[in-house]
Amino acid sequence: MRRVSEALYLTAITLWVGGMWAIGYLAAPVLFASLGDRQLAGIVAGKLFALIGWIGLGAAAYLLAFLFGRWGGQALRRSVFWLVLLMAALVAASQFGIQPLMAQLKADAWPRDVMESVVRDRFAAWHGISSILYLVQSLLGLWLVVWSGRGLR
């Protein structure tokens, strides 16, 4: 059973971090470069970011449970635990704070494209904040991959 939980631990990290990098730095740019309709590209990219957000929250829940199962209360003394918790907090802030706010700004702009509306500047500011958070999550994810063995020892 230990081997299965360890394999799931590594799989969760791979799925979460690999998905973040694939969506954020491969799929989304390709969508905007390939589709003639930027609004459609934004809708599809938004759905992909929401999906990887849910995957991240699920992966973080498993990783934290794994670390507690492996180390008990000593997990709180391990840097990998705090790294996963920080990443989960950033995902939650994006998923439950920034993304709903951006969706409301898009709805407020309807029937126009948000970038052609009076809420353009607010949307652009929140999009920038969201992008910075995503970059931070991506870099922390790289750190998590490098430190993944620390959760097993």
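Cut-offs used in this document
Residues numbered from 1 in each chain as written. Predicted model: local features only at pLDDT ≥ 70, side-chain atom pairs only at ≥ 80, totals over all residues. Heavy atoms only, no water. Axes fitted to C-alpha atoms, helices over the stretch in contact; angles between N-to-C directions. Helix = DSSP H or I, 4+ residues; strand = E, 2+ residues; numbered from the N terminus. Parallel < 35°, antiparallel > 145°, perpendicular 65-115°, else oblique. Left-handed = near helix turned anticlockwise from the far one by under 90°. Contact = heavy atoms within 4.5 Å. Nonpolar A, V, L, I, M, F, W, Y, C, P; charged D, E, K, R; others polar. Core = buried A, V, L, I, M, F, W, Y, C linked by side-chain atoms within 4.5 Å. Buried < 20%, exposed > 50% of the residue type's maximum accessible area, 1.4 Å probe, protein only.

Caption draft 1: The arrangement of the packing of helix α1 (residues 2–34) against helix α3 (residues 79–109) in detail. Interhelical geometry of α1 versus α3 gives an angle of 40° and a closest axis separation of 14 Å. In terms of axis orientation, α1 runs oblique to α3. In the packing of α1 onto α3, the handedness of the crossing is left-handed. Contacts between α1 and α3 pair Y9, W16 and V17 from the former with V80, V84, M87, A88 and V91 from the latter. In terms of residue class, the contact of α1 with α3 is made up of eight nonpolar, no polar and no charged.

Caption draft 2: Examining the nonpolar core more closely. Y9, W16, L63, L67, V84 and L144 are the most contacted members of the largest nonpolar core, which has 36 residues in total. At the level of elements, α1, α2 (38–71), α3 and α4 (120–147) are the ones that each hand at least two residues to this core. Residues within four places of L144 in sequence aside, it is in contact with I13, V17, L63, V80, L83, V84 and M87.

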